[in-house]
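Summary of structural features
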Amino acid sequence: MISAAAARQFVLDAVRPLAPCALDLDEAFGCVAAEQVLARESIPGFANSSMDGFALHAEDTASGSARLTIVDAVMAGDVSRARLAAGQAVRIMTGAPLPDGADSVCPIEDVVVEDTSVHIARVVTKGACVRYPGDDVFEGQQLIAPGVALDAPAIAVLAGQGRTTVVAHRRPRVGVISTGNELARSSGPLAASQIRDTNRPLLLALVRESGCMAVDLGIAADTYDEIRQRLTDGLAICDAVISTGGVSVGDVDHVKNVIGELGGSSARSVQVAIKPGKPFAFGVVGPDHRPIFGLPGNPVSTRVGFELFVRPALRTLAGHAVIDRLRVPAVLDVTLARRSDAKLHLVHVWAEWGDDGVVHVRDTARQGSHLLHAIVGANAIALLPDGTAGAVGDLVELIVLDADRLARTA
Ligand code: AMP
Ligand code: MG
């Protein structure tokens, strides 16, 4: 057996970020930038009002009470032709360019409008409520550095420069294959000994959740040739392929051998010291080192293998610097029983922030690598190193699967 850390390391040692290319901005959301973007335009490009109100000369209000003549009105998108003289004001809306001669804006809430004049009973400071050119961004400034994850504000900043594309690592295309003669090919009634394929939809969803494009490569029967063919076909159109089933020690567990053949010297078929998810096969294929992951068939094992080995690799392909999920310490409110077996146990749990400002494990899923239904809604995986059954009050480390659902709902 090898440790989870060692298995993760040989996977990560073999994968590299995909070559960058120009992506449309809407495609680029969630991807990682591979260029430095400098501002070619200052924002704002012109002095404008940050409030609805009146543009004026601050000096006119120096005494603390001023009555100014309204000479024009300017909306966002318009330009006022007025040139403000002393004692004059222009009605102005948020975002409208400051008229010539004005140096400040008094918000509408602070004035009394009387027909063609406006009364201001306070001192307005020069520059008040004015947004100056370059306040947000100045020309030549670095806006995006290579390696930055393109979140919603980053996409907006690029759009703010008139950009429609950005050079970034594209979203990896990740194929998913299930293997097993027992897997029903249709949604019709099950024959005796048949089961439904749950791992393929599970993995397709996990692939999407990790920010990649999922490609359904179907079900392969338990024959060496069919598995080889489907994996080869999948690798021709995908940046990575994940298969489930057939990596254990059963008589028809051919996947590990196929990965061994396709991956050559890069291939590994190992027993990882984790529960669930012990058998795991991996290799990279072809000149651009496309990874194949062979995960075990039991659904909870598949999930765990995806989290530990596949997800960090897919994030690496996508160019992310942060490839792991958030890990937090948590206090156990329940007992997490285990026996000593030299393995790291990974237990799906429900966790929540407590009033004490600490995360608490509130409940635990029924354990079993085949008990898929039991993990529905679990928002974290607790890590139980060998020998440490978790008692109430103990601290454990959690892999957070869904940070939104750590929040208290009450
Ligand atoms: P294997 O890893 O192929 O030995 O499969 C281990 C267990 O997982 C067996 O009980 C299989 O029937 C089950 N299994 C394998 N593939 C799937 C799948 N795609 N969906 C649901 N269960 C599966
Ligand atoms: Mg099988």
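**Section: the packing of helix α1 (residues 4-14) against helix α7 (residues 299-317)**
- Contact pair α1 / α7: the axes reach a minimum separation of 9 Å and the direction vectors enclose 30 degrees. It follows from the interaxial angle that α1 and α7 lie roughly parallel. As for how α1 packs across α7, the hand of that crossing is right-handed. Taken together, the residues of α7 that come into contact with α1 (itself represented by A4, A7, R8, V11 and L12) are L308, F309, P312, A313 and T316.

**Concerning the nonpolar core**
- By size, the foremost hydrophobic cluster in this structure holds 40 residues, and its most contacted members are I242, F280, F282, F293, F306 and L314.
- Listing elements by their share of this core, those giving two or more residues are α1, β14 (173-179), α4 (199-209), β16 (240-244), β19 (279-285), β20 (290-295), α7 and β24 (380-384).
- Among the domains, domain 1 (4-18 + 170-317) and domain 4 (327-406) are the pair contributing at least three residues each to this core.
- Excluding its chain neighbours within four sequence positions, the residues that come into contact with F280 are F10, V11, V247, R268, S269, V270, V272, F293, G294, L295 and F309.
- V215, L217, A281 and I292 belong to the second-largest nonpolar core, a separate cluster that totals 18 residues.

**Looking at the domain arrangement of the chain**
- The domains assigned to the chain are domain 1 (4-18 + 170-317), domain 2 (21-43 + 135-169), domain 3 (48-131) and domain 4 (327-406).
- For domain 3 versus domain 4, the distance between C-alpha centres works out to 61 Å.

**Some remarks on the packing of helix α5 (residues 224-237) against helix α6 (residues 255-263)**
- It is at 9 Å that the axes of α5 and α6 come closest, and there the two elements cross at 50 degrees. Classed by the angle they form, the pair α5 and α6 counts as oblique. Two packed elements cross with a definite hand, and for α5 against α6 that hand is right-handed. Note on element contacts: α6 touches α5 through V255, N257, V258, I259, E261 and L262, opposite Y224, I227, R228, L231, T232 and L235.
- For the contact of α5 with α6, the class distribution of residues is eight nonpolar, two polar and two charged.

**Quick look at the sheet that holds strand β8 (residues 104-107)**
- Strand order in the open sheet formed by six strands is β8-β5-β7-β6-β10-β9, and the pairing between neighbours is mixed. Bordering the open sheet on either side are β8 and β9 (111-114), each of which pairs with just one other strand. Geometrically, the sheet is characterised by an average inter-axis angle of 35 degrees between neighbouring strands, direction not taken into account.

**Here's the deal with the site of ligand 1**
- Contacts to ligand 1 come from 15 residues, most closely from E182, D197, T198, G246 and G297.
- Separating an oxygen atom of ligand 1 from a side-chain N or O atom of E182 is a distance of 2.6 Å.
- Residue T198 places a main-chain N or O atom 3.1 Å away from a nitrogen atom belonging to ligand 1.
- For ligand 1, whose accessible area on its own is 480 Å², the fraction buried by protein is 76%.

**Here's the deal with the packing of aromatic side chains**
- Going through the model one piece at a time under the given rule, you end up with five aromatic pairs.
- Where F10 meets F280, the ring centres are 6.4 Å apart and the plane angle is 20 degrees; that geometry is what we call stacked. Taken together, the positions of F10 in helix α1 and F280 in strand β19 put the pair 270 residues apart, joining distant regions of the chain. With respect to burial, F10 and F280 carry one shared label: buried.
- With centroids separated by 5.3 Å and ring planes inclined at 50 degrees, the aromatic side chains of F282 and F293 adopt a geometry described as tilted. Of the two residues, F282 sits in strand β19 while F293 sits in strand β20, which places them eleven residues apart along the sequence. Side by side, F282 and F293 carry an identical accessibility label, which is buried.
- Taken together, the ring pairs in this structure connect F10, F280, F282, F293 and F309 into an aromatic cluster.
- The lysine or arginine in question, R268, covers the ring of F10, its NZ or CZ lying 4.3 Å from the ring centre.

**A word on the environment of D103**
- If you trace the backbone, D103 turns up in the loop between β7 (88-92) and β8.
- When the C-alpha atoms of D103 and G127 are compared, they prove to be 5.7 Å apart, with 24 residues separating the residues in sequence.
- Excluding residues within four positions of it along the chain, D103 makes contact with L56, H57, A58, L98, K126, G127, V130 and Y132.
- At 2.8 Å, the side chain of D103 forms a polar contact with the backbone nitrogen of A58.

**With respect to α4**
- Regarding α4, the residues found buried are N199, R200, L202, L203, L204, L206 and V207.
- Tucked inside the fold, the buried residues of α4 contact β14, β15 (213-220), β16, β20 and α7.

**Details of the pairing of strand β25 (residues 395-400)**
- Bridge analysis of strand β21 (residues 327-332) against β25 gives five bridges, and the strand direction is antiparallel. Bridging across to β25, A330 finds its partner in V396.
- Taken together, the four bridges between β24 and β25 define a ladder with antiparallel strand orientation. When the sheet's bridge partners are listed, A382 is paired in β25 with L398.

**Observations concerning the sheet that holds strand β1 (residues 20-24)**
- Pairing is antiparallel across the open sheet formed by three strands, whose spatial order is β1-β13-β2. With partners counted over all chains shown, the strands left at the sheet margins are β1 and β2 (32-33), one partner each.
- As judged from the two bridges shared by β2 and strand β13 (residues 165-169), these two strands associate in the antiparallel manner. Considered in β13, the bridge of A33 is made with A168.

**Notes on the pattern of salt bridges**
- As enumerated under the stated definition, the model contains 19 salt bridges in all.
- One salt bridge in this structure joins D197 and R200, with 2.6 Å as the shortest N-O distance. There is no split in this pair, since D197 and R200 are both buried.
- Among the ionic pairs, E261 bridges to R228, the shortest N-O distance being 2.7 Å. Within this pair, whereas E261 is found in helix α6, its partner R228 is found in helix α5, the two being separated by 33 residues in sequence.
- Using a relative accessible area of 39% as the deciding quantity, one classes E261 as partly exposed.
- Members of the salt-bridge network, linked through shared partners, are E209, R303, E307 and R325.

About the cut-offs
Residues numbered from 1 in each chain as written. Chains lettered and ligands numbered in written order. Predicted model: local features only at pLDDT ≥ 70, side-chain atom pairs only at ≥ 80, totals over all residues. Heavy atoms only, no water. Axes fitted to C-alpha atoms, helices over the stretch in contact; angles between N-to-C directions. Helix = DSSP H or I, 4+ residues; strand = E, 2+ residues; numbered from the N terminus. Parallel < 35°, antiparallel > 145°, perpendicular 65-115°, else oblique. Left-handed = near helix turned anticlockwise from the far one by under 90°. Contact = heavy atoms within 4.5 Å. Core = buried A, V, L, I, M, F, W, Y, C linked by side-chain atoms within 4.5 Å. Buried < 20%, exposed > 50% of the residue type's maximum accessible area, 1.4 Å probe, protein only. Domains from an automatic or database assignment. Nonpolar A, V, L, I, M, F, W, Y, C, P; charged D, E, K, R; others polar. Pairing = 2+ DSSP bridges. Near = heavy atom within 4 Å. Polar contact = N/O pair within 3.5 Å; in protein donor to acceptor, adjacent residues only side chain to side chain. Areas by Shrake-Rupley, 256 points an atom, 1.4 Å probe, with all protein chains shown as cover. Phe/Tyr/Trp six-rings, centres within 6.5 Å; stacked < 30°, edge-to-face > 60°. Lys NZ or Arg CZ within 6 Å of the ring centre and 35° of its normal. Salt bridge = Lys/Arg side-chain N within 4 Å of Asp/Glu carboxyl O.

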